[in-house]
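Here is what each chain is made of, one letter per residue.
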Amino acid sequence: MIWRWIILLRARGTAISASSAASIYLVSSFVGGYTAMAGDAARAYSLSRRTEQGSEAVASVAVDRLLGLLSILVIALMGIALAGSQMAENSVGVFAAVAVVLVAGTVATLFADWWIRIALPDSWHHSAVGVRALRVADALGAYRGHRSAIVAVSILSIGVQLLRVSQAYLLGVAIGIDVPFSYYLLFMPAGLIALMMPISLAGFGAPQGLIVWLLQPRGVPQADALALSTLIVLSGIVGQPAGAALLFLRQSTSR
Amino acid sequence: VIAKLTRSLWVRALLTLVVLVLLISRIDIRDSAAALGRLNLHWLASSSCWSRPTGSS
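Owing to the predicted nature of the structure, the values given are computational and were not obtained by experimental measurement. (Residues numbered from 1 in each chain as written. Chains lettered and ligands numbered in written order. Predicted model: local features only at pLDDT ≥ 70, side-chain atom pairs only at ≥ 80, totals over all residues. Heavy atoms only, no water.)

A. Geometry of the overall build of chain A. Within chain A, the regular secondary structure consists of 12 helices and 0 strands. For chain A, the N- to C-terminal ordering of α and β elements is α-α-α-α-α-α-α-α-α-α-α-α. Relative to the 2.2 N^0.38 estimate, which gives 18 Å for 255 residues, the radius of gyration of chain A is 20 Å and therefore close to what a compact globule would have. The buried share among the 255 residues of chain A stands at 49%. Working note: accessible area of chain A is about 11700 Å², and carbon and sulfur atoms make up 68% of it. (Helix = DSSP H or I, 4+ residues; strand = E, 2+ residues; numbered from the N terminus. Rg over C-alpha atoms; globule rule 2.2 N^0.38 Å. Buried < 20%, exposed > 50% of the residue type's maximum accessible area, 1.4 Å probe, protein only. Areas by Shrake-Rupley, 256 points an atom, 1.4 Å probe, with all protein chains shown as cover.)

Here it is in structure tokens:
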């Protein structure tokens, strides 16, 4: 996940070492309260302070996150191809709506420099807010010229999400939940998106409720589903102490 | 930024607490604990988890 971001930063020539980028990533994930979106804000802020290239920092984090969401969509498509018949009828419409929003969002992000000039009134182009918005839009649009980086990050993202789904499947099997891997491909994308949203603390609560609900059609006892969701959340927390340690070290050395 | 995140953390903490209370009120937590107790770490750590259909060893 860190390497994905480094590929994007290097594609745009952002002057930062891999170790510094990794440090920012880990600390931001910890400071962000274990939620991807809050961590993203902290990551963009930390990088912009380090490099003084605010627009490039925001663009790199936004493109990284969008490609991550698109890779979850790819996993969901795999799940539909393999286990689509197990989907509830009303969930097909929800999935289609989410897919359209994600694809449209990605296209809009990569072409932000085009549409923002049309959408923004001319009189705003030279205002402080307008200049800032145009800079970020230009930085986002610049990624269209780095197709190899976009492809590499997309492949890495799909690999990461497949690993997370496999991890959930193996944890499920390890506590005796008898659900095929294809169903994990179907329901885990929703769980992964819920884990990213700023609606819980460290993934406890609402994402767990969603996983319990999504496992019900397969006849998984609620207690087992809650245990599995707890293990999924706990396994996501395992990597967080590295960020806490780096933050502690940074504060100790700055005193 | 950290101050803003901390403020939103309180909201998220409250939401997390409410959902957890709802889940625990509907699900027997002892059964969940028993399911967690079944976690077969030895099987997970071994390469056989890729070839065997269940976690029971």
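B. Quick look at the environment of Trp115 of chain A. All names here are of chain A. Note that Trp115 resides in helix H6 (residues 112-119). Trp115 sits in the partly exposed class, given a relative accessible area of 42%. C-alpha separation for the pair Trp115 and Ala137, spaced 22 residues apart in sequence, amounts to 9.0 Å.

C. How the structure looks around the pattern of salt bridges. Residue and element names in this part refer to chain A. Following the criterion strictly, the structure yields 9 salt bridges over all chains and no others. For Asp40, the salt bridge is made with Arg43, and the minimal N-O distance between the two is 3.0 Å. Here Asp40 pairs with Arg43, and both are found in helix H3 (residues 36-51), just 3 residues apart, close to one helical turn. A single burial state applies to Asp40 and to Arg43, both of which are buried. With a shortest N-O distance of 2.7 Å, Arg65 and Asp40 are connected by a salt bridge. Here Arg65, found in helix H4 (residues 54-83), pairs with Asp40, found in helix H3; they are 25 residues apart in sequence, far enough to count as distant. In this structure Asp40 comes out as buried when scored by relative accessible area, which is 9%. Look at the salt bridges and you will find they share partners, linking Arg4, Asp40, Arg43, Asp64 and Arg65 into a network. (Salt bridge = Lys/Arg side-chain N within 4 Å of Asp/Glu carboxyl O.)

D. The arrangement of the packing of helix H1 (residues 2-11) of chain A against helix H2 (residues 18-31) of chain A in detail. All names here are of chain A. Two numbers describe how H1 lies on H2: the axes approach to 10 Å, and their chain directions differ by 125 degrees. By the angle class used here, H1 and H2 are oblique. Remark: the crossing between H1 and H2 carries right-handed chirality. In this structure, H1 uses Ile2, Trp5, Ile6, Leu9 and Arg10 to contact H2, whose residues at the interface are Ala18, Ala21, Ala22, Ile24, Tyr25 and Leu26. Residue composition of the contact of H1 with H2, by class: 10 nonpolar, no polar and 1 charged. (Axes fitted to C-alpha atoms, helices over the stretch in contact; angles between N-to-C directions. Parallel < 35°, antiparallel > 145°, perpendicular 65-115°, else oblique. Left-handed = near helix turned anticlockwise from the far one by under 90°. Contact = heavy atoms within 4.5 Å. Nonpolar A, V, L, I, M, F, W, Y, C, P; charged D, E, K, R; others polar.)

E. The arrangement of the environment of Trp5 of chain A in detail. Examined against the element boundaries, Trp5 of chain A turns out to sit in helix H1. Taking the C-alpha atoms as reference points, Trp5 of chain A and Arg132 of chain A, separated by 127 residues in sequence, lie 22 Å from one another.

F. Focus on the interface of chain A and chain B. Of the residues lining the interface, 29 residues belong to chain A; the matching set on chain B comes to 29 residues. For the interface between chain A and chain B, the tally reads 1 salt bridge. With its nearest N and O atoms 3.1 Å apart, the salt bridge here joins Arg38 of chain B to Asp224 of chain A. Inspection of the chain A/chain B interface yields 5 residue pairs in polar contact (both at pLDDT 80 or more). Mapped onto the side of chain A that touches chain B, the elements with two or more residues apiece are H3, helix H8 (147-174), helix H10 (206-215) and helix H11 (222-237) of chain A. The element best represented in the side of chain A that touches chain B is H11 of chain A, accounting for 6 residues. Tallied by class, the residues present in the side of chain A that touches chain B amount to 19 nonpolar, 9 polar and 1 charged. (Polar contact = N/O pair within 3.5 Å; in protein donor to acceptor, adjacent residues only side chain to side chain.)

G. Broad picture of the nonpolar core. With 41 residues, the main nonpolar core has Tyr184, Phe187, Met188, Leu215 and Leu228 of chain A as its most contacted residues. For this core, the secondary-structure elements that each account for two or more residues are H4, helix H5 (89-110), H8, helix H9 (181-196), H10 and H11 of chain A together with helix H1 (2-26) of chain B. In terms of residues, this core owes the most to one element, H9 of chain A, which gives 9 residues. Not counting chain neighbours up to four residues away, the residues in contact with Met188 of chain A comprise Arg164, Val165, Ala168 and Ile232 of chain A. (Core = buried A, V, L, I, M, F, W, Y, C linked by side-chain atoms within 4.5 Å.)

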